[in-house]
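# Survey of secondary and tertiary structure
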Amino acid sequence: MAIHIQMSEETERELKKASLRNKLSALLSCILFILLGGGILILVVYNVVATEPASFVSYKPKAKPNAKTTRKQPSEENAIQEESSASDPTTPVIVSNSPTAVSMPIATSIADMGEGLSADIGMGEGFGASDLGEGLGGGGDGLGSKDGGGSTLEGTFYDLKLKKNGASSGLKGGPQGEAAVVEALAKFFRSWNEQELNKYYKSETKLYASSWYLPVASARYAPIAYEVGDPSKPESQWECKPAAWLAVYRGRVIAPKSGKFRFIGTGDDFFAVRFDGKTVLEAGYRAPSYYDKSNPTGCYISDPAKRAQFLKDRKGYEMITSVTGCDKWNKEIGGLVAGKEFKVEEGKTYDIEIAISEIPGGAFGFVLFIEDVTEGKNSKAKQYDLFRTCDTNPDIDKVMQALKDAKCEMQGGARIPFNEDSWVWESVPMD
């Protein structure tokens, strides 16, 4: 006999309630899971996918930002420090979200740029290495290099003792011929007209310089650099003797920023700068443009009294005394000279000429700085900006070694400290 078991109505109702609760719980769990997953997905999309990634973070120089290649260039060590602190909110950076491709130059050390003098180069390379290197290139140090190109000014060497055809001009080096040489230079510096120099002998070799910084050296070095003197031969056999010569560098430069500037420097025997058609600096032992035939020695501004009168007549000039590293020039000519102020506009191109002359022979040397006086002069500065047309600086140790190798090193050389992050006045080809 089969036994039939049947649940009570009360039990059946409880089972149906339990089944409904389970279904509702499962449904609620699914809904919560879907909501949670959707929320996570939305957060991921919002924070990762929707935000366009920054494509480039570039270095921005401190204090004087400028997008041009003529900006103030940071030293390699400073650049590394700036890049390592890019996440610091106090460090200014440029972040571009544009899809436009950005070409970033490969960082190179100064040593890779072909700058400086090396002991193994020939004397025909002038003051500096022949490799133009990266970026704006380098024109060597001191008087420059034979290699053109890059951002440099072209230098021409004139021997005032010789006519264009090589015959004697009647001018002589040494103290006895000094007055006549200064008079000849005075004719040129009245107008800076190149035609005035074309009657004199000039070297076939051109030198290209990007900075003007040379410790006191023997005047023999200029003819050697311009390949009109051979250090392996007696001076009597040289094409041009180391006295009564003039080197003129010509070109055009782009102002890296707007403002007022002035040149600061000196030279032995004479150093001058003409900018935008105006003579803005004359300095040294002699001032040919100050020559007066009725008083020939009045332009000998190594004499303190005559120098004081010269500075008074050249309104805007200032003597920078007690300059660190140039005891010889401090003692003999009072230090460095700051010239007239001049205004420039950023991006505008200006003509520039730089002249260096040795008159009696013996020692020579020069230095050229530039000061931004927009916010005021600083005649007590321990370091000035070196005037330069490329983004590298002279290697003074190599310059000194080259002078020593050529037996042109002299005691009392001026090793004046300078600011290595100076503005770059990029040069452009002459019209």
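Refer to the preceding data block for the structure.
Residues numbered from 1 in each chain as written. Predicted model: local features only at pLDDT ≥ 70, side-chain atom pairs only at ≥ 80, totals over all residues. Heavy atoms only, no water.

## Description of a nonpolar patch on the surface
As a reminder of what qualifies: Only residues whose relative accessible area exceeds 30% and that form no salt bridge are eligible for patches; like-charged ones are grouped when within 9 Å, while nonpolar side chains (Val, Leu, Ile, Met, Phe, Trp, Tyr) are grouped when within 5 Å. The accessible surface values rely on the Shrake-Rupley method and a 1.4 Å probe; as for residues, cover is taken only from the protein chains in view. When a carboxyl oxygen of Asp or Glu is within 4 Å of a side-chain nitrogen of Lys or Arg, the pair counts as a salt bridge. Under the scheme used here, helices are H or I runs from DSSP no shorter than 4 residues and strands are E runs no shorter than 2 residues, and both carry numbers assigned from the N terminus.
Residues L27, L28, I31, L32 and L35 make up a contiguous nonpolar surface patch of roughly 490 Å² in combined accessible area. Its place among the elements puts I31 in helix α1 (residues 9-49).

## Brief notes about the pattern of salt bridges
Note the following rule: For every residue, the accessible area (1.4 Å probe, protein chains only) is compared with the maximum for its type, and the residue is labelled buried under 20%, exposed over 50%, or partly exposed between those bounds.
The full count for this structure, using the stated rule, is 16 salt bridges. Note that E235 and R220 form a salt bridge whose closest N and O atoms lie 2.9 Å from each other. One end of the pair, E235, is in the loop between α4 (221-225) and β7 (245-254); the other, R220, is in the loop between β6 (213-218) and α4, with 15 residues separating them in the sequence. Judged by relative accessible area, E235 falls into the partly exposed class, the value being 31%.

## Concerning the nonpolar core
What counts here: Residues grouped as a nonpolar core are buried Ala, Val, Leu, Ile, Met, Phe, Trp, Tyr and Cys residues, joined through side-chain atoms within 4.5 Å. The criterion used for residue contact is that any of the two residues' heavy atoms lie within 4.5 Å.
One finds W212, Y249 and F263 to be the most contacted residues of the largest nonpolar core, which totals 101 residues. Dropping the residues within four chain positions of it, Y249 is found in contact with L143, L153, E154, G155, L207, A209, W212, Y226, I352, E353, I354 and I356.

## Quick look at the packing of aromatic side chains
The cut-off we apply is this: Pairing of aromatic rings covers Phe, Tyr and Trp, the last counted by its six-membered ring, and requires centre-to-centre distances within 6.5 Å; plane angles under 30 degrees mean stacked, over 60 mean edge-to-face, and any other angle means tilted. We count a charge as sitting over a ring when the NZ of a lysine or the CZ of an arginine lies within 6 Å of the ring centre and within 35 degrees of the ring normal.
Considering all chains together, one arrives at 23 aromatic pairs under this definition. Ring centres 5.3 Å apart and planes at 35° place the aromatic pair F157 and Y226 in the tilted group. Highlighted residues: F157 in strand β3 (residues 153-163) and Y226 in the loop between α4 and β7, separated in sequence by 69 residues. This pair shows no difference in class: F157 is buried, exactly as Y226 is. By the ring-pair criterion, three or more aromatic residues cluster together here, those being W212, Y249, F261, F263, F275, F342, Y350, F387 and W425. Across the ring face of Y300, the terminal group of R286 is positioned such that the distance to the ring centre comes to 3.9 Å.

## Considering helix α7 (residues 396-405)
For the record, the criterion: Note: the arc covers the axis-to-C-beta directions of the helix. A 3.5 Å cut-off defines polar contacts: any pair of N or O atoms within that distance qualifies, except that in protein one atom must be a possible hydrogen donor and the other a possible acceptor, and neighbouring residues in sequence count only when both atoms are side-chain atoms.
Along α7, the residues classified as buried are I396, V399, M400, A402 and L403. All buried residues of α7 fall inside an arc of 160° around its axis, so they share one side. Exposed and facing more than 90 degrees away from the buried side of α7 are D397 and K404. Contacts from the buried residues of α7 go to β6, α4 and β17 (418-419). Between the side-chain oxygen at the start of α7 and the backbone nitrogen of D397 there is a gap of 3.3 Å, and the oxygen is on D395. Following α7 by one or two positions, K407 has its phi on the positive side, about 60°.

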